[in-house]
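# Report on the structure
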Amino acid sequence: MNAAAAERRASWSIFVTALAVRAVFAWRKGLPPLVADAAEYRFYAASLVETGSYLGPQGEFAARMPGYPLFLAAVRALFGDSLIAVIAAQCLLGAATCLLLYKLAKRILPGPWPLAGGVLSAVYFGLVEPVSLVLSESLYSFFLVLSAWALFHPLWRPAVRAAAFGVLAGFLYLVRPEPLPYILATIALMPILWPNFGRKEIAAALAGLALVTGVWIGRNFAHFDRFLPASTAGKSVVYISLYLPAARHGLAPEGRWFAPAGMGELESEEQFAERFRELAARMTWRQLASAYLFNFASILYPFLPGYDWTYMLVLPFALIGLASAVKHKELRPAAMSVVFSVTIFTFCGGWASRYRQGVAPFIILLGAAGMMAVDKWAGRARFLAGASAWLAFNLLIWAGQAQVRQLVLWLRALAWGH
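Figured I'd write up the structure that's included with this text. (Residues numbered from 1 in each chain as written. Predicted model: local features only at pLDDT ≥ 70, side-chain atom pairs only at ≥ 80, totals over all residues. Heavy atoms only, no water.)

## Comments concerning the side chain of Ser324
- On the secondary structure map, Ser324 appears in helix α15 (residues 309-324).
- A residue is classified by how much of its surface remains accessible, and Ser324, at 15% relative accessible area, is buried.
- Not counting residues up to four positions away in its chain, the partners in contact with Ser324 are Leu331 and Ala373. (Helix = DSSP H or I, 4+ residues; strand = E, 2+ residues; numbered from the N terminus. Buried < 20%, exposed > 50% of the residue type's maximum accessible area, 1.4 Å probe, protein only. Contact = heavy atoms within 4.5 Å.)

## Let's talk about helix α5 (residues 113-123)
- Buried within α5 we find Trp113, Pro114, Gly117, Gly118, Leu120, Ser121 and Ala122.
- Check the buried side of α5 and you find it contacts α1 (3-29), α4 (83-106), α6 (125-128), α15, α17 (360-378) and α18 (380-399).

## Some details on empty space enclosed by the protein
- Summed over the entire model, instances satisfying the criterion amount to four cavities of 30 Å³ or more.
- Of the pockets and cavities examined, the largest cavity occupies roughly 110 Å³.
- Forming the walls of the largest cavity are Arg42, Ala45, Leu72, Arg76, Gly80, Asp81, Ser82, Leu83, Val86 and Val134.
- Reported here for the second largest cavity is a volume of approximately 50 Å³.
- Going through the elements one at a time, α4, α6 and α7 (137-151) are the ones with two or more residues in the lining of the second largest cavity. (1 Å grid on protein atoms, 1.4 Å probe; cavity = no way out; pocket = protein on both sides within 12 Å on 5 of 7 lines; lining within 4 Å. Points joined across faces, edges and corners; volume = space filled by probe spheres on them.)

## Digging into the packing of helix α2 (residues 36-51) against helix α3 (residues 67-79)
- Running from N to C, α2 and α3 point in directions that differ by 55 degrees, and their axes come no closer than 8 Å. The orientation of α2 relative to α3 falls into the category oblique. Our pair here, α2 against α3, has a crossing hand that is right-handed. Mapping the contact onto sequence places Tyr41, Arg42, Tyr44, Ala45, Ala46, Leu48, Val49 and Glu50 in α2 and Tyr68, Pro69, Leu70, Leu72, Ala73, Arg76 and Ala77 in α3.
- The class makeup of the residues in the contact of α2 with α3 is 12 nonpolar, no polar and three charged. (Axes fitted to C-alpha atoms, helices over the stretch in contact; angles between N-to-C directions. Parallel < 35°, antiparallel > 145°, perpendicular 65-115°, else oblique. Left-handed = near helix turned anticlockwise from the far one by under 90°. Nonpolar A, V, L, I, M, F, W, Y, C, P; charged D, E, K, R; others polar.)

## A closer look at the side chain of Ser337
- Structurally, Ser337 can be placed in helix α16 (residues 332-348).
- Classification of Ser337 as buried rests on a relative accessible area of 3%.
- Excluding its chain neighbours within four sequence positions, the residues that come into contact with Ser337 are Leu144, Tyr182, Val359 and Phe362.

## With respect to the environment of Phe143
- One can find Phe143 in helix α7.
- On the basis of relative accessibility, which here comes to 15%, the residue Phe143 falls in the buried class.
- As for Phe143 and Val175, which are separated by 32 residues in sequence, their C-alpha atoms are 8.8 Å apart.
- Among all residues touching Phe143, those that are not within four sequence positions of it are Leu168, Phe171, Leu172 and Val175.

## Structural notes on the packing of aromatic side chains
- All told, the structure shown has 23 aromatic pairs when counted by the stated rule.
- Arranged with centres 5.8 Å apart and planes meeting at 85 degrees, the rings of Tyr54 and Trp216 form a pair that is edge-to-face. Pair noted here: Tyr54 is in the loop between α2 and α3 and Trp216 is in helix α11 (residues 199-224), with a separation of 162 residues, a long-range link.
- Judged by relative accessible area, Tyr54 falls into the buried class, the value being 8%.
- A cation over an aromatic ring shows up here: Arg161 above the ring of Trp194, its NZ or CZ 4.8 Å from the ring centre.
- A cation over an aromatic ring shows up here: Arg356 above the ring of Tyr311, its NZ or CZ 3.6 Å from the ring centre. (Phe/Tyr/Trp six-rings, centres within 6.5 Å; stacked < 30°, edge-to-face > 60°. Lys NZ or Arg CZ within 6 Å of the ring centre and 35° of its normal.)

## Concerning unusual backbone geometry
- The phi torsion at Ala36 lies on the positive side, around 55 degrees, for a residue other than glycine.
- Residue position: Ala36 is located in helix α2.
- Take Ala36: its relative accessible area is 58%, and that puts it in the exposed class.
- Residue Asp225 is not a glycine yet carries a positive backbone phi of 60 degrees.
- Mapped onto the fold, Asp225 is located in the loop between α11 and α12 (234-248).

Nothing here speaks to function; it is all geometry.
Structure below.
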C-alpha cells in the first residue's frame, strides 16, 4: 500500500469510527432536555427562522453570541423543529473535527503520533458527549480545529493561510467570545511561528477577523449606540463565577441575584457588576483566591459526574506537551488556547468541568505531543508499558468510580470546607 492510499485509509477509519461512536452514544443517551442554556439557544434559532429576528425569550437583543443559534437555525430551516436532526448534524460535525485534528497533527507531529491523536479524539469523552447536547461545545471545537488547520496548511500562500485563519477564527469567536485572547496572540506570533509571515500576514488575519465579527459588532452598535463586541451577558457571568464558590463558603447569605423581569439588558449588566463588587468587597484576599482556585480545580475535575478515564489518560501527557510548547513553537497556538480558555473560565465561567470540553481537540493534540516526548525519552518499550499501566489504572478507577468519587469529594471538603 502506497503512502497516499494509507493516508486515505487512516482518514476514513478515523472519521467512520468517530461517527459511529458518537451515533451510538447519542442513541443510547436519548434526546436531551431543552432547559437552561439549551432552551435559550433553541429560542433564538426559532426566532431567526420564524420571524427573521435574533431575539431571546425575554426580547434580549444580544445576550447570546450568534454562532450556535445560527447553526441551529440552519438545521431547523432544512429539517424543521427536529432534535434528532440537530444531534445527527453534531455527530457529523464531531466526526469531521476528529478528521481535521488528525490532519492538523500530521502537519505538526511526526511518526505515529498524529494517528494516535486521531484515534484518541474518536473516543475522547470530552469530544463525544457534546454532540448529544444542545450546547455550543461541538460547534466551538469544530471551528477551533478548522481555523488551525487552515493556518497550518502547507500548500497555501502565507497571506491566504493568515486570512483564512482570521475568517474562521471570527466564526469561532461568534460561537463564544473567550477565544479572542488566543486568536489575537496567535496572529501577533505569526512571524515567530513562520519566518515567511510578516506584517502583511498579520494585517490579512486581522482583516479576516474584522470582516466576520464586524457584522455582529455593527449590529449591536446600531441598536445600543455603544461598542459591544461580545454579548450583554459578560458581567453576569463574572458575578456568577464568584457567587457560586462564595456561596459554598456561606459568604453570600442574601442568595443569588437575578435581574427582575422587564429590566433592560444593559441595565441588568450594570446591576450584576454592582453585585459582584459588593460580594468581592466582603471577601478577604484569601477567600477570593480560594474561590477562584475552586473554579480552576473544578474545570480540571475528572468527574462529569462520572469518571472520565479518557481525559485522565491524556492529561499527564497533555501537561508534558504544554511544557514542550516552550521549545516547540508549532505547539504554541494549541497551548495558548488551552491556557487562555481555562484561565478565562476560572474568572468568567465558574465551577464546571464541562468548560474544558471546547478546547478538547487541543488537549488531545498536546497529549499526542507529550506521548512523543515520553516515547523519545524513555524508549518505545518503556513508553508502551507505562501507557498501558496508566490506562489499566484509569479503567480500574472507572470501574469503582462511585467509591473513588466519594473519596475525592471528602478530600475536596477538607480543602474547601464544604
